[in-house]
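Take a look at the letters that make up each chain.
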Amino acid sequence: MFDLKGLPSDQLDFLRELENIGAGHAVTALSVMLGDNVELCVPKAQFCAYNQICDLLKGPENIVAGLLVGISNDLNGYILLVLDKPDAGLLTNMLIGELPADESKTEIDDLSELQVSALKEVSNILIGSYLTAISSLTGFDIAASVPELVIDMAGAVMNLLVSAYGEYGDGVLFMETEFVTSNKSLFGRFFLIPDVESYNKLMVQMGLV
Amino acid sequence: MKAYAAEPEKNKCAANVFTIGIAEHKIAQAPDKITTLGLGSCIGLVLYDPIIKLAGMVHIMLPSAADAINVTNRFKFADTAIEDIIDLLASAGAAQSRLKAKMAGGAHMFKTSSLLDIMNVGQRNTAMCKRVLSERSIKICGEDTGGSSGRSIEFCCETCVLSVRTVVPKSFLSI
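Residues numbered from 1 in each chain as written. Chains lettered and ligands numbered in written order. Predicted model: local features only at pLDDT ≥ 70, side-chain atom pairs only at ≥ 80, totals over all residues.

Q: How would you explain the overall build of chain A if you had to name every residue and give the values?
A: Looking only at helices and strands, chain A features seven helices and eight strands. Per-residue burial over chain A gives 41% buried out of 209 residues. Relative to all contacts within chain A whose residues are 6 or more apart in sequence, the contacts with residues 24 or more apart total 72%. (Helix = DSSP H or I, 4+ residues; strand = E, 2+ residues; numbered from the N terminus. Buried ≥ 20, exposed ≤ 12 C-beta atoms within 10 Å, placed from the backbone. Contact = placed C-beta atoms within 7 Å.)

See below:
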């Protein structure tokens, strides 16, 4: 039986470290792209009840951009990058400049096709560097899927986490890292969501079981 | 829990709005309302007795408790949640033969389908709710399921209307 609540502290520490290294590499990549200093906050790895997840994202109805990459091979699961909707717009503007007002809008709320594409590309690079770091730390071969962008209510986007762990208990294993740019204008979170089997595999590989 | 009188309360201004979170439930009677926010692949299911205006809402996460490793909360799963809500409504005075259902949610948020079957969980949730309801001979009087948008819902016990709101794209629906 997999008991998420009873995780030993050394395993949680390792997960924090993993999150830190992964997100650290991703943020370095972002710094280079933006030409701005991006800071990383201390990562969290904790057991979190379902309804606390949305509180962390400013409530279930807060509109966020969720960028999801599926991982496979030695580790299975997902990596989710969550940005507040205005921050997602800001990030694309920092990358490709402000768009002319008449730029055609797509159905994904009010981001243009170019902005959506830029956002996917930046998440590809961020999540790619995140995975490379985790892969070299653990020696696991990890393949990533093409990123998928969803802009919707935080509650709906985070349903993924909830359904991934719902069959195991009353909460989720929650690993997140926040990053902020030097003028504090941009704020994002990474979630590492391994499936339970991969989680166990990871712990065995790292000699923590 | 509040004791429910068979007669609805007269003062409509005193309506409470109860908000439930993931895997939570609430039984309420007119003039109160029950709401749940940010449904993705989850289902917001309402069972109600239109005569005494008594309703129960549950925020269902997963299709079946039978597949679960740990069943710590029966309201998480479609099969066990529906059973328990029926019992709660019956003990609060609802007649099982009068029960009707309305449901919303079960969206397919991320389309990356080649991975785990959790991607398909919205569809499986919807199918399981329908199956359990039909086994119990409860008619579904309104439904807004599937698609790829998150939903917020509110059920008015007085009118038995379920309001469904989405933000991307903005829409509002009464079922």
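Q: So what about the sheet that holds strand β4 (residues 43–49) of chain B? Which residues, and what values?
A: All names here are of chain B. Within the open sheet, the five strands sit side by side as β2-β5-β4-β6-β7. Their pairing is mixed. The strands lining the two open edges of the sheet, one partner per strand, are β2 (25–29) and β7 (139–145). For this sheet, the mean inter-axis angle between neighbouring strands, taken without regard to orientation, is 15°. Of the pairings in the sheet, the one linking β4 to strand β5 (residues 54–60) comprises seven bridges and is antiparallel in character. Of the residues in β5, the one forming a bridge with Asp49 is Leu54. Its contacts with the sheet put helix α1 (residues 78–91) on β2, β4 and β5, and the angle it makes with β5 is roughly 160°. Along the sheet, helix α2 (residues 121–135) contacts β4, β5, β6 (100–105) and β7; its crossing angle with β4, the most-contacted strand, is approximately 20°. (Pairing = 2+ DSSP bridges. Axes fitted to C-alpha atoms, helices over the stretch in contact; angles between N-to-C directions.)

Q: Give me the lowdown on the confidence of the model for chain B, citing residues and values where you can.
A: All names here are of chain B. With 87% of its residues at a pLDDT of 70 or more, chain B has an overall mean of 87. pLDDT under 50 marks residues 1–12. Its contacts with residues more than four places away, or in other chains, come to 12 contacts. Overall fold confidence (pTM) sits at 0.84, and the ipTM for the predicted complex is 0.80. (pLDDT = per-residue confidence, 0-100.)

Q: Describe the nonpolar core, listing the residues and the values that go with them.
A: Ranked by internal contacts, the top residues of the largest apolar core, which has 103 residues, are Ile79(A), Leu161(A), Leu45(B), Ala55(B), Ile60(B) and Cys129(B). When residues no more than four places from it in sequence are discounted, the contact partners of Ile60(B) are Cys42(B), Ile43(B), Leu45(B), Phe77(B), Ala78(B), Ala81(B), Asn125(B) and Cys129(B). (Core = buried A, V, L, I, M, F, W, Y, C linked by C-beta atoms within 7 Å.)

Q: Now, about the environment of Gly106(B): what can you tell me, with residues and values included?
A: Residues and elements named next belong to chain B. Looking at where Gly106 falls in the secondary structure, it is placed in the loop between β6 and α2. With 14 residues separating them along the chain, Gly106 and Asn120 place their C-alpha atoms 9.2 Å apart. Look past the residues within four positions of Gly106 in its chain and what remains in contact with it is Ser41, Ile43, Gly122, Gln123, Asn125, Thr126, Thr145 and Gly146.

Q: Help me get a handle on the interface of chain A and chain B, residues and values and all.
A: Each partner contributes residues to the interface: chain A has 34 residues there, and chain B has 33 residues. Secondary structure elements with two or more residues in the side of chain A that touches chain B: α2 (50–56), β3 (63–73), β6 (148–153), α5 (154–157) and α6 (159–165) of chain A. Of the residues that constitute the side of chain A that touches chain B, the class distribution is 17 nonpolar, nine polar and eight charged. (Nonpolar A, V, L, I, M, F, W, Y, C, P; charged D, E, K, R; others polar.)

Q: Lay out the packing of helix α3 (residues 85–96) of chain A against helix α4 (residues 113–138) of chain A in plain terms, naming residues and giving numbers.
A: Describing two packed helices takes the angle between their axes plus the distance from one axis to the other. Residue and element names in this part refer to chain A. The contact between α3 and α4 brings their axes to 9 Å, and the two run at 90°. Relative to α4, the element α3 is oriented roughly perpendicular. Across the interface between the two elements, Ala88, Gly89, Leu91, Thr92, Leu95 and Ile96 from α3 touch Leu114, Gln115, Ala118, Leu119 and Val122 from α4. Here the residues of the contact of α3 with α4 sort into eight nonpolar, three polar and no charged. (Parallel < 35°, antiparallel > 145°, perpendicular 65-115°, else oblique.)

Q: Can you lay out the environment of Asn62(A) for me, pointing to particular residues and giving the numbers?
A: Residues and elements named next belong to chain A. Counting through the fold element by element, Asn62 comes out in the loop between α2 and β3. The sequence separation of Asn62 and Ser136 amounts to 74 residues, and the corresponding C-alpha distance is 36 Å. Ignoring any residue separated from it by four or fewer positions in sequence, one finds Asn62 in contact with Leu57 and Ala154.

Q: Now, about the packing of α1(B) against α2(B): what can you tell me, with residues and values included?
A: All names here are of chain B. Contact geometry for α1 and α2: axes closest at 9 Å, N-to-C directions at 40°. Considered as vectors, α1 and α2 are oriented oblique to each other. α2 is crossed by α1, and the crossing has right-handed handedness. Across the interface between the two elements, Ala78, Asp79 and Ile82 of α1 pack against Asn125, Met128, Cys129, Val132 and Leu133 of α2. Looking at the contact of α1 with α2 residue by residue, the classes come out as six nonpolar, one polar and one charged. (Left-handed = near helix turned anticlockwise from the far one by under 90°.)

Q: Describe the sheet that holds strand β10 (residues 170–174) of chain B, with residues and values.
A: Residues and elements named next belong to chain B. Ordered by their spatial adjacency, five strands build an open sheet running β1-β3-β8-β9-β10, and the pairing between neighbours is mixed. Looking at which strands have only one partner, the edges of the open sheet turn out to be β1 (17–20) and β10. Ignoring which end each strand starts from, the neighbouring axes of this sheet average 15° apart. Direction of pairing for β1 relative to strand β3 (residues 33–39): parallel, over a ladder of four bridges. Among the inter-strand pairings, Thr19 is bridged to a residue of β3, identified as Thr35.

Q: A description of α4(A) should follow, citing residues and the corresponding values.
A: Residues and elements named next belong to chain A. Relative to the 38 Å expected for 26 residues at 1.5 Å per residue, α4 spans 37 Å between its end C-alpha atoms, a close match to the ideal helical length. Those residues of α4 that sit buried are Gln115, Leu119, Val122, Ser123, Leu126, Ile127, Ser129, Tyr130, Leu131 and Ile134. Downstream of α4 by one or two residues, Gly139 has phi in the positive range, about 80°. (Expected span 1.5 Å × (residues − 1).)

Q: Residue-level account of the pairing of β10(B), with values.
A: Residues and elements named next belong to chain B. Burial analysis of β10 places just zero of its five residues in the buried class, which makes it a mostly uncovered element. In the sheet, strand β9 (residues 161–167) pairs with β10 via five bridges, with the strands oriented antiparallel. Within β10, the residue paired with Val164 across the bridge is Leu173. Counting the residues between successive antiparallel strands, the hairpin from β9 to β10 contains two residues.

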